[in-house]
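Results of the structural survey
Residue-level listing of the chains:
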Amino acid sequence: MIALEPQIRIRPAVAGDAGPLGELDRATWSPLHAVQPAPEPPFEPFFDDRHRPEDYLVAEDGGTVVGYLRLVAPTPLACNRHVRQIQGLAVAETARGRGVARALLRAAMAETLRQGGNRITLRVLGHNKPARTLYESEGFAVEGVLPGEFFLGGRYVDDVLMGRSLAP
(Lines give C-alpha, C1' and ligand atoms only; values in the text may rest on other atoms or scores of the structure.)
Protein backbone atom coordinates (compact mmCIF):
# COMPACT_ATOMS: atom_id res chain seq x y z
CA MET A 1 0.00 0.00 0.00
CA ILE A 2 1.25 3.52 -0.82
CA ALA A 3 0.19 6.59 1.19
CA LEU A 4 -0.14 9.73 -0.96
CA GLU A 5 -1.80 12.29 1.28
CA PRO A 6 -3.12 11.52 4.75
CA GLN A 7 -6.52 10.59 3.29
CA ILE A 8 -5.40 9.00 -0.03
CA ARG A 9 -4.00 5.47 -0.28
CA ILE A 10 -3.25 2.97 -3.04
CA ARG A 11 -4.28 -0.65 -2.46
CA PRO A 12 -5.05 -3.83 -4.39
CA ALA A 13 -8.62 -4.11 -5.65
CA VAL A 14 -11.11 -6.54 -4.13
CA ALA A 15 -14.29 -8.01 -5.62
CA GLY A 16 -16.39 -5.51 -3.66
CA ASP A 17 -14.82 -2.65 -5.67
CA ALA A 18 -16.71 -3.66 -8.82
CA GLY A 19 -19.57 -1.17 -8.34
CA PRO A 20 -17.46 1.90 -7.50
CA LEU A 21 -14.90 1.07 -10.19
CA GLY A 22 -17.62 0.66 -12.81
CA GLU A 23 -19.10 4.03 -11.83
CA LEU A 24 -15.68 5.66 -11.97
CA ASP A 25 -14.96 4.08 -15.35
CA ARG A 26 -18.21 5.46 -16.79
CA ALA A 27 -17.73 8.91 -15.20
CA THR A 28 -14.21 9.28 -16.59
CA TRP A 29 -14.96 8.10 -20.14
CA SER A 30 -13.51 10.60 -22.62
CA PRO A 31 -12.63 10.67 -26.33
CA LEU A 32 -9.18 11.81 -25.18
CA HIS A 33 -8.32 8.24 -24.13
CA ALA A 34 -11.18 5.90 -25.07
CA VAL A 35 -11.27 3.75 -28.21
CA GLN A 36 -14.67 2.29 -27.34
CA PRO A 37 -17.96 4.22 -27.58
CA ALA A 38 -19.28 5.89 -24.43
CA PRO A 39 -20.84 3.28 -22.14
CA GLU A 40 -24.63 3.02 -22.11
CA PRO A 41 -27.01 0.94 -19.99
CA PRO A 42 -27.22 -1.91 -19.42
CA PHE A 43 -23.60 -1.77 -18.23
CA GLU A 44 -21.30 -4.77 -18.41
CA PRO A 45 -19.83 -5.98 -15.10
CA PHE A 46 -16.54 -4.25 -14.29
CA PHE A 47 -14.86 -7.53 -13.36
CA ASP A 48 -15.01 -10.60 -15.62
CA ASP A 49 -12.75 -13.50 -16.64
CA ARG A 50 -10.30 -11.15 -18.37
CA HIS A 51 -10.58 -8.24 -15.90
CA ARG A 52 -9.98 -9.70 -12.46
CA PRO A 53 -9.73 -7.77 -9.17
CA GLU A 54 -6.13 -8.91 -8.71
CA ASP A 55 -5.19 -7.00 -11.89
CA TYR A 56 -6.15 -3.63 -10.40
CA LEU A 57 -4.69 -1.09 -8.04
CA VAL A 58 -7.21 1.26 -6.44
CA ALA A 59 -6.76 4.82 -5.15
CA GLU A 60 -9.01 5.73 -2.22
CA ASP A 61 -9.69 9.09 -0.62
CA GLY A 62 -11.18 8.67 2.84
CA GLY A 63 -12.65 5.31 1.82
CA THR A 64 -14.04 6.56 -1.52
CA VAL A 65 -12.62 5.11 -4.75
CA VAL A 66 -11.06 7.95 -6.76
CA GLY A 67 -8.83 6.09 -9.20
CA TYR A 68 -7.62 2.78 -10.58
CA LEU A 69 -4.88 1.28 -12.70
CA ARG A 70 -5.02 -2.10 -14.46
CA LEU A 71 -1.68 -3.94 -14.55
CA VAL A 72 -1.35 -7.24 -16.43
CA ALA A 73 1.08 -9.48 -18.26
CA PRO A 74 0.90 -8.43 -21.93
CA THR A 75 1.09 -12.04 -23.15
CA PRO A 76 0.95 -15.53 -21.62
CA LEU A 77 4.42 -16.35 -23.00
CA ALA A 78 7.14 -17.42 -20.54
CA CYS A 79 9.72 -15.40 -22.50
CA ASN A 80 7.64 -12.26 -21.81
CA ARG A 81 6.90 -12.80 -18.11
CA HIS A 82 9.31 -10.05 -17.03
CA VAL A 83 7.00 -7.41 -18.56
CA ARG A 84 3.83 -5.88 -17.15
CA GLN A 85 1.52 -3.64 -19.14
CA ILE A 86 -0.73 -0.86 -17.92
CA GLN A 87 -4.08 -1.40 -19.63
CA GLY A 88 -6.20 1.30 -18.05
CA LEU A 89 -5.79 4.26 -15.74
CA ALA A 90 -8.60 6.49 -14.48
CA VAL A 91 -8.83 9.25 -11.88
CA ALA A 92 -12.05 10.92 -10.73
CA GLU A 93 -12.43 14.56 -11.74
CA THR A 94 -12.58 15.55 -8.06
CA ALA A 95 -9.18 13.96 -7.38
CA ARG A 96 -7.27 15.28 -10.39
CA GLY A 97 -4.25 17.46 -9.79
CA ARG A 98 -3.48 15.78 -6.46
CA GLY A 99 -0.91 13.26 -7.67
CA VAL A 100 -3.28 10.28 -7.77
CA ALA A 101 -2.31 9.14 -11.29
CA ARG A 102 1.39 9.54 -10.47
CA ALA A 103 0.94 7.51 -7.27
CA LEU A 104 -0.89 4.78 -9.20
CA LEU A 105 1.96 4.66 -11.76
CA ARG A 106 4.58 4.40 -9.04
CA ALA A 107 2.56 1.69 -7.30
CA ALA A 108 2.35 -0.19 -10.62
CA MET A 109 6.11 -0.02 -11.01
CA ALA A 110 6.58 -1.30 -7.45
CA GLU A 111 4.06 -4.09 -8.08
CA THR A 112 5.86 -5.06 -11.29
CA LEU A 113 9.09 -5.44 -9.33
CA ARG A 114 7.28 -7.34 -6.56
CA GLN A 115 5.98 -9.79 -9.16
CA GLY A 116 9.52 -10.34 -10.48
CA GLY A 117 9.21 -8.09 -13.53
CA ASN A 118 11.72 -5.55 -14.70
CA ARG A 119 9.92 -3.75 -17.53
CA ILE A 120 6.61 -1.92 -17.85
CA THR A 121 4.78 -0.77 -20.98
CA LEU A 122 1.57 0.98 -21.95
CA ARG A 123 -0.31 2.28 -24.95
CA VAL A 124 -1.70 5.80 -25.16
CA LEU A 125 -3.52 7.71 -27.89
CA GLY A 126 -1.27 10.18 -29.68
CA HIS A 127 -3.52 13.15 -28.96
CA ASN A 128 -3.61 12.48 -25.19
CA LYS A 129 -0.95 15.04 -24.28
CA PRO A 130 -1.70 15.16 -20.52
CA ALA A 131 -1.20 11.39 -20.15
CA ARG A 132 1.90 11.34 -22.35
CA THR A 133 3.44 14.17 -20.32
CA LEU A 134 2.77 12.31 -17.07
CA TYR A 135 4.24 9.07 -18.41
CA GLU A 136 7.34 10.84 -19.72
CA SER A 137 7.84 12.53 -16.32
CA GLU A 138 7.89 9.04 -14.75
CA GLY A 139 10.59 7.76 -17.09
CA PHE A 140 8.48 6.23 -19.87
CA ALA A 141 9.74 6.78 -23.42
CA VAL A 142 8.02 6.42 -26.78
CA GLU A 143 9.11 3.07 -28.18
CA GLY A 144 6.83 2.92 -31.19
CA VAL A 145 3.98 4.62 -32.98
CA LEU A 146 1.22 3.03 -35.04
CA PRO A 147 0.15 5.96 -37.22
CA GLY A 148 -3.59 6.29 -37.75
CA GLU A 149 -4.28 3.05 -35.86
CA PHE A 150 -7.73 4.22 -34.69
CA PHE A 151 -10.49 6.17 -36.43
CA LEU A 152 -12.11 8.19 -33.66
CA GLY A 153 -14.44 11.16 -33.87
CA GLY A 154 -14.04 11.42 -37.62
CA ARG A 155 -10.23 11.40 -37.67
CA TYR A 156 -7.33 8.99 -37.55
CA VAL A 157 -5.44 8.83 -34.25
CA ASP A 158 -2.00 7.35 -33.56
CA ASP A 159 -1.48 4.57 -31.03
CA VAL A 160 1.71 5.26 -29.09
CA LEU A 161 3.62 2.49 -27.30
CA MET A 162 5.60 3.70 -24.29
CA GLY A 163 7.76 1.73 -21.92
CA ARG A 164 10.52 1.83 -19.38
CA SER A 165 12.97 -0.50 -17.74
CA LEU A 166 12.77 -1.05 -14.01
CA ALA A 167 16.09 -2.91 -13.90
CA PRO A 168 18.71 -1.40 -11.56
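Residues numbered from 1 in each chain as written. Predicted model: local features only at pLDDT ≥ 70, side-chain atom pairs only at ≥ 80, totals over all residues. Heavy atoms only, no water.

**Observations regarding the nonpolar core**
Counting 39 residues, the largest nonpolar core has Leu21, Ile86, Leu104, Ile120, Tyr135 and Phe140 as its most contacted members. Of the residues forming this core, the biggest block, eight residues, is contributed by helix H2 (residues 100-114). Beyond its immediate stretch of four places on either side in the chain, Tyr135 contacts Leu89, Leu105, Leu122, Val124, Phe140 and Met162. (Core = buried A, V, L, I, M, F, W, Y, C linked by side-chain atoms within 4.5 Å. Buried < 20%, exposed > 50% of the residue type's maximum accessible area, 1.4 Å probe, protein only. Helix = DSSP H or I, 4+ residues; strand = E, 2+ residues; numbered from the N terminus. Contact = heavy atoms within 4.5 Å.)

**Let's talk about unusual backbone geometry**
Cis geometry is found at the peptide bond from Pro41 to Pro42, where omega equals -5 degrees. Tracing the backbone through its elements, the reader meets Pro42 in the loop between helix H1 (18-27) and strand E3 (56-61).

**Observations concerning the side chain of Asp17**
With respect to the helices and strands, the residue Asp17 is situated in the loop between strand E2 (8-12) and H1. On the accessibility criterion, Asp17 (5% relative accessible area) is buried. In contact with Asp17, other than residues within four places in its own chain, are Arg11, Pro12, Phe47, Val58 and Val65.

**A word on the pattern of salt bridges**
Taken as a whole, this structure holds twelve salt bridges when the rule is applied. In this structure, Arg9 engages Glu60 in a salt bridge whose closest nitrogen and oxygen atoms are separated by 2.9 Å. Pair noted here: Arg9 is in strand E2 and Glu60 is in strand E3, with a separation of 51 residues, a long-range link. Residue classification places Glu60 among the buried residues on the basis of a relative accessible area of 10%. Notably, a salt bridge pairs Arg123 with Asp159, separated by 2.2 Å at the nearest N-O pair. With Arg123 in strand E6 (residues 119-125) and Asp159 in strand E8 (residues 155-165), this residue pair connects regions lying 36 residues apart in the sequence. In this structure Asp159 comes out as buried when scored by relative accessible area, which is 4%. Residues participating in the shared-partner salt-bridge network are Arg9, Arg11, Asp17 and Glu60. (Salt bridge = Lys/Arg side-chain N within 4 Å of Asp/Glu carboxyl O.)

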